Amino acid sequence: VYTKTILNMKLSLLALAAAVVAPSQCGAFAPHARVTSTPSVSRSTKGSNLVMKDFPKPNVENTDNYRIGQELSSSFGTTLKATEGQKKKVAIVGGGLSGLACAKYLVDAGHEPVVYEARDVLGGKVSAWQDADGDWIETGLHIFFGAYPNMMNLFDELDIHDRLQWKIHQMIFAMQELPGEFTTFDFIPGIPAPFNFGLAILMNQKMLTLGEKIQTAPPLIPMLIEGQPFIDAQDELSVTEFMRKYGMPERINEEVFIAMAKALDFIDPDKLSMTVVLTAMNRFLNEDNGLQMAFLDGNQPDRLCAPMKDHIEAKGGKVIMNSPMKEIVTNDDGTINHLLMRNGEKIVADEYISAMPVDIVKRMVPQKWQNMPYFRQFDELEGIPVINLHMWFDSKLKAVDHLCFSRSPLLSVYADMSVTCKEYYDTEKSMLELVFAPCSPIAGGNVNWISKSDEEIIDATMGELARLFPTEIAADDKWPSTKNQGPQGNARLTKYAVVKVPRSVYAAIPGRNKYRPSQTTPIPHFTMAGDWTSQKFLGSMEGAVLGGKLAAEVVANRAKGNADKPIKEIQQHIVDAAATHVPKKPWGVKGEGAIAFGAGAELKKDNQKLLEEVDPAQFASAA
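The present account deals with the structure reproduced in this document. (Residues numbered from 1 in each chain as written. Predicted model: local features only at pLDDT ≥ 70, side-chain atom pairs only at ≥ 80, totals over all residues. Heavy atoms only, no water.)

**Let's talk about empty space enclosed by the protein**
Next up, step 1: In this structure the tally under the stated criterion is five cavities of 30 Å³ or more.
Next up, step 2: One number sums up the size of the largest cavity: a volume of about 70 Å³.
Next up, step 3: Lining of the largest cavity is provided by Glu138, Leu141, His142, Phe144, Phe295, Leu296, Gly298, Gln300, Met417, Cys421 and Tyr424.
Next up, step 4: Here the residues of the lining of the largest cavity sort into seven nonpolar, three polar and one charged.
Next up, step 5: Around the second largest cavity, the lining residues are Phe182, Lys398, Ala399, Val400, Cys404, Tyr414, Ala415, Asp416, Leu432 and Phe469.
Next up, step 6: Top contributing element to the lining of the second largest cavity by residue count: strand S19 (residues 411-416), with three residues.
Next up, step 7: Taken together, the residues of the lining of the second largest cavity break down into eight nonpolar, no polar and two charged. (1 Å grid on protein atoms, 1.4 Å probe; cavity = no way out; pocket = protein on both sides within 12 Å on 5 of 7 lines; lining within 4 Å. Points joined across faces, edges and corners; volume = space filled by probe spheres on them. Nonpolar A, V, L, I, M, F, W, Y, C, P; charged D, E, K, R; others polar. Helix = DSSP H or I, 4+ residues; strand = E, 2+ residues; numbered from the N terminus.)

**A short note on the pattern of salt bridges**
Next up, step 1: Following the criterion strictly, the structure yields 31 salt bridges and no others.
Next up, step 2: Between Asp270 and Lys271 there is a salt bridge whose closest N-O contact spans 2.9 Å.
Next up, step 3: Assessed through its relative accessible area of 41%, Asp270 is described here as partly exposed.
Next up, step 4: Arg283 is the partner of Glu287 in a salt bridge, and the nearest nitrogen-oxygen pair spans 3.2 Å. No difference in accessibility class separates Glu287 from Arg283, as the two residues are buried.
Next up, step 5: Within the structure, one salt-bridge network assembled from shared partners comprises Lys104, Asp108, Glu157 and Lys315. (Salt bridge = Lys/Arg side-chain N within 4 Å of Asp/Glu carboxyl O. Buried < 20%, exposed > 50% of the residue type's maximum accessible area, 1.4 Å probe, protein only.)

**Some thoughts on the packing of aromatic side chains**
Next up, step 1: Inspection of every chain in the model, using the stated rule, returns 18 aromatic pairs.
Next up, step 2: Their ring planes at 45° and their centres at 4.9 Å tell us that Trp369 and Phe526 sit as a pair that is tilted. Note that Trp369 is positioned in the loop between helix H13 (358-364) and helix H14 (373-376) and Phe526 in strand S22 (residues 526-528), a separation of 157 residues in sequence. Neither residue differs from the other here; Trp369 and Phe526 are each classed as buried.
Next up, step 3: An aromatic cluster of three or more residues is present, and its members are Trp369, Tyr374, Phe375, Phe378, Phe526 and Trp532.
Next up, step 4: Positioned above the aromatic ring of Trp392, the side-chain terminus of Lys495 is 4.6 Å from the ring centre. (Phe/Tyr/Trp six-rings, centres within 6.5 Å; stacked < 30°, edge-to-face > 60°. Lys NZ or Arg CZ within 6 Å of the ring centre and 35° of its normal.)

**Considering the pairing of strand S11 (residues 293-296)**
Next up, step 1: The two faces of S11 match: Met293 and Phe295 on one face and Ala294 and Leu296 on the other face are all buried.
Next up, step 2: The sheet contact formed by strand S7 (residues 144-145) and S11 spans two bridges and is antiparallel. Note on S11: the bridge partner recorded for Phe144 is Ala294.
Next up, step 3: Two elements, strand S8 (residues 164-166) and S11, share three bridges in a ladder whose sense is antiparallel. By the bridge assignment, Trp166 is partnered in S11 with Ala294. (Pairing = 2+ DSSP bridges.)

**Here we look at unusual backbone geometry**
Most peptide bonds adopt trans geometry, and most residues besides glycine take a negative phi value.
Next up, step 1: Along the chain, Ala193 connects to Pro194 via a cis peptide bond; the corresponding omega equals 5°.
Next up, step 2: Within the element layout of this structure, Pro194 appears in the loop between strand S10 (182-186) and helix H5 (195-203).
Next up, step 3: At the junction of Ala437 and Pro438, the peptide bond is cis and its omega measures out at -5° in the coordinates.
Next up, step 4: With respect to the helices and strands, the residue Pro438 is situated in the loop between strand S20 (431-436) and helix H16 (454-468).
Next up, step 5: At Asp159, a residue that is not glycine, the phi angle is positive and equals roughly 55°.
Next up, step 6: Turning to its location among the elements, Asp159 is positioned in the loop between helix H4 (149-157) and S8.
Next up, step 7: Taking the relative accessible area as the measure of exposure, Asp159 reaches 67% and is therefore exposed.
Next up, step 8: Unlike most non-glycine residues, Leu538 shows phi in positive territory, near 60°.
Next up, step 9: With respect to the helices, strands and loops of the structure, Leu538 is situated in the loop between S22 and helix H17 (541-559).

**Describing the nonpolar core**
Next up, step 1: Phe144, Met151 and Phe257 are the most contacted members of the largest nonpolar core, which totals 150 residues.
Next up, step 2: Per element, the largest residue contribution to this core is nine residues, and it comes from H17.
Next up, step 3: Apart from residues no more than four positions distant in its own chain, Phe257 is found in contact with Val239, Met243, Met248, Ile252, Pro269, Met274 and Val277.
Next up, step 4: Among the nonpolar cores identified, the runner-up in size contains 37 residues, and Ala174, Ile387, Trp449 and Ile457 belong to it. (Core = buried A, V, L, I, M, F, W, Y, C linked by side-chain atoms within 4.5 Å. Contact = heavy atoms within 4.5 Å.)

**Remarks on the pairing of strand S4 (residues 112-116)**
Looking along a regular strand, one sees the side chains alternate between the two faces of the sheet.
Next up, step 1: Counting buried residues along S4, four of its five residues qualify, which places the element largely inside the surrounding structure.
Next up, step 2: Sheet topology note: the strand S3 (residues 89-93)/S4 ladder contains five bridges and is parallel. Bridging from a neighbouring strand, Lys89 pairs with Glu112 of S4.
Next up, step 3: Inspection of the sheet shows S4 paired to strand S12 (residues 318-320) by three bridges, in the parallel sense. In the sheet register, Tyr116 faces S12, and the bridge partner there is Ile320.

**Concerning the sheet that holds S22**
Next up, step 1: Strand order across the open sheet formed by five strands is S12-S4-S3-S16-S22, with parallel pairing between neighbours. Each of the sheet's edge strands pairs with one partner strand only, and the pair in question is S12 and S22. The average undirected angle you get between the axes of adjacent strands in this sheet is 20°.
Next up, step 2: In terms of strand pairing, S3 meets strand S16 (residues 351-354) through four bridges, oriented parallel. Across the sheet, residue Val93 finds its bridge partner in S16, namely Ser354. (Axes fitted to C-alpha atoms, helices over the stretch in contact; angles between N-to-C directions.)

**Comments concerning the layout of surface pockets**
Next up, step 1: The computed volume of the second largest pocket comes to approximately 680 Å³.
Next up, step 2: Considering the residues around the second largest pocket, the lining is formed by 30 residues, among which Asp359, Lys362, Arg363, Trp587 and Val614 are closest to the centre.
Next up, step 3: Those elements that provide at least two residues to the lining of the second largest pocket are H13, H14, helix H19 (593-596) and helix H20 (605-614).
Next up, step 4: With four residues, H13 is the single largest residue contributor to the lining of the second largest pocket.
Next up, step 5: Of the residues belonging to the lining of the second largest pocket, the class tally is 16 nonpolar, three polar and 11 charged.

**A short note on the sheet that holds strand S18 (residues 404-405)**
Next up, step 1: With mixed pairing, the seven strands of this open sheet are ordered in space as S10-S9-S18-S19-S20-S17-S21. Two strands close off the open sheet at either side, each with one partner strand: S10 and strand S21 (493-501).
Next up, step 2: Looking at chain direction, strand S9 (residues 170-174) and S10 are connected through five bridges and run antiparallel. Its bridge partner lying in S10, Gln170 is registered against Asp186.
Next up, step 3: Along the sheet face, helix H10 (residues 251-265) touches S9, S18 and S19 and points at about 75° away from the line of S19.

If you want it as structure tokens, here you go:
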């Protein structure tokens, strides 16, 4: 009764806000649009009228999810803390965020984890490297949300909160029908959730009519009443199917959901599970600062992965690079005998943890395990392709100090990193980082851009940028898509990098959640980590940290002599099919570098040939 009373009060107040709110005066976004928070940093960008502002860290701690994450973090130093006789040597395969987070919490619990990373850089899907000019090339454009409770706890525990550059509490969308203009959802400081979210949408007069906004609200009420059970139940529906089932206006798909779907999982809403969108919306509707965004102040290996590595090693753990695993060697009863590394070394530990991407794990499953339903369900999961672009220009574009939703058929989100990030700050020239999605038929796209040349991808992107910056991008003979640009455009592309990630986060198409495995496995002393394992934050940096944290909890709990956490229920059709599966020698991982081990890279002749061999689907149905 109490919960329903509170809900009714919320809905009544939201309806009242709809009745009294005045039309927004912001119009299209301008660099000097009014702000109501006091910035901690303010500096002008030479050559443009943009005022660059970083905002104080919001109160991300006052949420139930943060407190739950904090309680789990604390348990590694209290109830899960190992005595001298309970300490375990733990081998963790994979030095991405999930593997590093797992090792961090295991050393906090008094164990001795060793992380084996196949590559010469940490981070996995958040890895970055420097090119010949010393410029950083990132695997992806990564944004930190206030609604990332375990990530925010991690930043606090490592004392690196000052490395996040928080931006104004706002969402910025490009206007498809008004090239060069932007519109915003503005979150008013001091207004609690969910009213701040409702007011942000209601005050925007550019994207949806008042009638469409009101029509959109009723289908979301069950989410507020029933919570996670309702959210999980929508996994069988795509975003588009959910909209039509509940009578939401079609235009919300064009105005909002296409941008959200491409930002959340790099696919269009007719392919994306509605659970993904509802999970995000539930956080934003229940947490005052859940949607506020921050950029890391520099490259991910130095500014995020290095502090995690330092913490692990300071407490007795190890992080070993350039250590690819060749095979999981089992005993006759299926238990692990050792890990065989490519250099011939045999790794023997008390506990073993996989923090590898799902597509790599599938290539490593030993024959003795292949008839087990737990491992057969992995066949229902696969990583989704995405392309990340870096584009350097010879002059400054009229950018915004924030993430922008492009609402483009080819692009998802982008940011001018020369404005948003301290390490990449440049007063004279712009460097855009853009997410190109969907980029393949595997991701539901019409064109297989993974198989296209870098030049074709950049030319297509230049055409989209000419629409976003119609008076700034110059006509350039090198890029045919810019041929219709007017004489006022002066900005020319001087350099670019195309990073292809053939298998990124797991494809969150309808019906996949039920196949995401528990961290506990049927193999004694073998645990599964990764953002694709079962946890409520889906495929994301937050999901990777939480997946690693939950895996550490399984091991630490077992070391205390407690019963294992239960294995998640497996679908009956998987159980039936597993019985007749014919085991084969595991493929293993072929080749070297990022593409071989499930990350992203600039495709050259050698790694493109490797990709064609090990993942031919990436080159099928090219248009």
